[in-house]
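For reference, the chains in residue letters:
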Amino acid sequence: MPIREDVVVVGGGLAGSMAALSAAETDASVRLVSYKKSTLRFASGLIDVLGYPNGDGPVSNPYAALGSLPDDHPYSLVGEQAIRDGLALFDEVTGDRYRGGHTDANALVPTYGGTVKPTARYPEASAAGLASDDRPMLVVGLRSRTEFDARLVADHLSAAGVPFDVHGAELSFPREFRADAKITRYAKALDKDEEVRFGGRSVGTREALAETVKPRLKGAERVGFPSMLGDEHASEVREELESQLGAEVFEIPMGPPSLPGLRLEDALFSALDDAGVRISTGNPVVDYETDGDELQAVYVDRKRTRVPYHADEFVLATGGLVGKGIDSDRERVRESIFGCHVPHSSDRYDWFDEEAFGEHPFAKFGVVVDDRMRVLDADDAPQFSNLRAAGAVVGGADSTAEKSSSGVSLATGVVAGRGAAASI
Ligand SMILES: Cc1cc2nc3c(=O)[nH]c(=O)nc-3n(C[C@H](O)[C@H](O)[C@H](O)COP(=O)(O)OP(=O)(O)OC[C@H]3O[C@@H](n4cnc5c(N)ncnc54)[C@H](O)[C@@H]3O)c2cc1C
């Protein structure tokens, strides 16, 4: 029997998840089709809405800065209410896992490089680390994890003028792993509270870690670790460390793989399940079928068999250059599935700025959409009557520089998903 839904969303990242959840708010039948894991496994898990518009900033209130964005920016197209709607849906999905919804202002979250990042929503696990808090802080690093240098992070934070005393300490994790062990291995040891030999006794990893940190506290009232404090039982791990240390414990986002990102991905997929969205993952969409200007089906390559997924409405949420929704070679830039129009200079030397930190045109590459997120062709007419786009596949924002990636995915995801459901 052919697979048929009201709405098919292609892409399982933040944008695709939001689009599918929004479409499923109606009684539409929705299917999300995704190839690989999304970029959330590399991302910090922070939800940035707007931190540095047009290279300025950091801004305290992202909404107040929206007016300065160019007309073709996704935020200018969808408007402030769509950003608020996207965040409201995100808050509903993540519940008490995330904080920041009490205010329009950006929170300032320490990063693993020792900078402070303006962000709209942050994991509950990072809450005790906010830079607006003046309690003294200890940053803990592990000697075996050279990618996170606690002393450097502390020095950078001090140099940035944070309103609290901060010092760093490098420790040995109380359990030995292979030199190339993934961060998830550390998280698992803490999740399971694996027994280790410590001080001549056999104790759980959590207690041993707390005992290792204790002599370094030196009056710190909060202790930051790289994000590694458990996966499935992360709150439990943190609470136990807090009670043993007598100080609040928080995680500093890092990756890859990023535990905050992976935890967020799990939360999104469980919300999709709860909302009745059908999920097909692991195989790419490689082709499509049309009738006139209307899309009829997308084709998924399942072990070299092409399986059609029919729908009335489609949402493209396949990511940007990193997620592979946008593809480029030496000659041109294109959208990977439908070959949708991606404006770019024919001279590839114009794709980059000469300055490494300059304004690179490639950062804004993506499909062109209207205010309903319908994908437009080179003549500004809908490419297909029933195709919308959301997230990093949409052009017009330099979201890495302006720190708006997740906000763009939330806002455009909601507009595309609701628009698709309303058009059935
Ligand atoms: C290293 C890194 C760090 C980041 N840090 C932050 C941060 O600190 N703050 C922040 O707000 N945002 C951050 N982001 C951005 C954020 O995580 C998302 O990348 C962004 O929201 C875009 O999401 P998306 O859903 O559009 O795309 P993606 O996350 O790229 O998801 C695209 C999905 O489409 C699927 N797909 C692609 N092609 C096909 C196909 N042919 N068939 C089927 N499925 C397909 C992919 O498998 C994937 O599931 C970061 C991103 C990266 C890469």
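Everything that follows concerns the structure shown earlier in this document.
Here the structure is a predicted model, which means the values were calculated and not measured.

**Details of the overall build of the protein chain**
Within the protein chain, the regular secondary structure consists of 10 helices and 21 strands. Expected size for 424 residues packed as a compact globule is a radius of gyration near 22 Å; at 23 Å, the protein chain falls within 12% of this value. Sorting the 424 residues of the protein chain into buried and exposed places 52% on the buried side. Taking the intrachain contacts of the protein chain between residues at least 6 apart in sequence as the baseline, contacts between residues at least 24 apart amount to 64%. Side chains of the protein chain give 45 positive and 68 negative charges; the mean places of these two sets differ by 8 Å.

**A look at the site of the ligand**
Thr 39, Ser 44, Lys 117, Ser 406 and Ser 409 are the nearest of the 32 residues found near the ligand. A distance of 2.8 Å separates a nitrogen atom of the ligand from a polar backbone atom of Val 285. Burial of the ligand by the surrounding chains reaches 86%, relative to a free accessible area of 1000 Å². Among the elements of the structure, helix 1 (14-23) and helix 10 (405-422) are those that each provide at least two residues to the shell around the ligand. For the shell around the ligand, the element with the highest residue contribution is helix 10, accounting for 3 residues.

**Here we look at the nonpolar core**
If you look at the biggest cluster of nonpolar residues, it comprises 78 residues, and the most contacted ones within it are Val 30, Tyr 75, Phe 338 and Leu 387. Per element, the largest residue contribution to this core is 8 residues, and it comes from helix 10. Beyond its immediate chain neighbours, meaning those up to four positions away, Val 30 contacts Glu 5, Val 7, Val 9, Ala 20, Ala 23, Ala 24, Gly 276, Val 277 and Arg 278. One finds Leu 138, Leu 142, Ala 220 and Phe 225 within the second-largest nonpolar core, a separate group that totals 27 residues.

**A closer look at the pattern of salt bridges**
Applying the stated rule across the entire model yields 27 salt bridges. Arg 206 is paired through a salt bridge with Glu 240; the nearest N and O atoms lie 2.9 Å apart. One end of the pair, Arg 206, is in helix 6 (residues 205-213); the other, Glu 240, is in helix 7 (residues 234-245), with 34 residues separating them in the sequence. If you follow the salt bridges from partner to partner, you end up with Asp 133, Arg 135, Arg 222 and Glu 248 in one network.

**Here we look at the pairing of strand 4 (residues 107-110)**
Summarising the sheet, strand 4 and strand 5 (residues 116-119) pair through 4 bridges and their orientation is antiparallel. Looking at the pairing, Ala 107 lines up with Thr 119 of strand 5. In this structure, the hairpin formed by strand 4 and strand 5 is closed by a connection of 5 residues, where Gly 114 is found at a positive phi of approximately 85°.

**Thoughts on helix 6**
Most of helix 6 sits out of view: 7 of its 9 residues are buried. Those residues of helix 6 that sit buried are Thr 205, Arg 206, Ala 208, Leu 209, Ala 210, Thr 212 and Val 213.

**Things to note about the pairing of strand 15 (residues 294-302)**
Sheet analysis places strand 14 (residues 285-291) next to strand 15, joined by 6 bridges and oriented antiparallel. Within strand 15, the residue paired with Asp 291 across the bridge is Glu 294. Where strand 14 folds back onto strand 15 in an antiparallel hairpin, the turn is made up of 2 residues, including Gly 292, whose phi is positive at roughly 65°. With 6 bridges joining them, strand 15 and strand 16 (residues 305-316) adopt antiparallel strand pairing. Opposite Tyr 299, over in strand 16, you have Pro 308 as the bridge partner. Where strand 15 folds back on strand 16, the antiparallel hairpin that results is connected by 2 residues, among which Lys 303 adopts a positive phi of roughly 50°.

**Side note on unusual backbone geometry**
Between Gly 57 and Pro 58 the backbone carries a cis peptide bond, its omega angle lying at 5°. Along the chain, Pro 58 turns up in the loop between strand 2 (30-34) and helix 2 (74-78). Of note in this structure, Asn 54 is not a glycine but carries a positive phi near 50°. Counting through the fold element by element, Asn 54 comes out in the loop between strand 2 and helix 2. Despite not being glycine, Lys 218 has its phi angle at roughly 45°, a positive value. With respect to the secondary-structure elements, Lys 218 resides in the loop between helix 6 and strand 11 (222-226). Note on Lys 218: relative accessible area 67%, which makes it exposed.

Parameters at a glance
Residues numbered from 1 in each chain as written. Predicted model: local features only at pLDDT ≥ 70, side-chain atom pairs only at ≥ 80, totals over all residues. Heavy atoms only, no water. Helix = DSSP H or I, 4+ residues; strand = E, 2+ residues; numbered from the N terminus. Rg over C-alpha atoms; globule rule 2.2 N^0.38 Å. Buried < 20%, exposed > 50% of the residue type's maximum accessible area, 1.4 Å probe, protein only. Contact = heavy atoms within 4.5 Å. Lys, Arg positive; Asp, Glu negative; His and termini not counted. Charge placed at Lys NZ, Arg CZ, Asp CG, Glu CD. Near = heavy atom within 4 Å. Polar contact = N/O pair within 3.5 Å; in protein donor to acceptor, adjacent residues only side chain to side chain. Areas by Shrake-Rupley, 256 points an atom, 1.4 Å probe, with all protein chains shown as cover. Core = buried A, V, L, I, M, F, W, Y, C linked by side-chain atoms within 4.5 Å. Salt bridge = Lys/Arg side-chain N within 4 Å of Asp/Glu carboxyl O. Pairing = 2+ DSSP bridges.

Read these as geometric descriptors, not functional statements.
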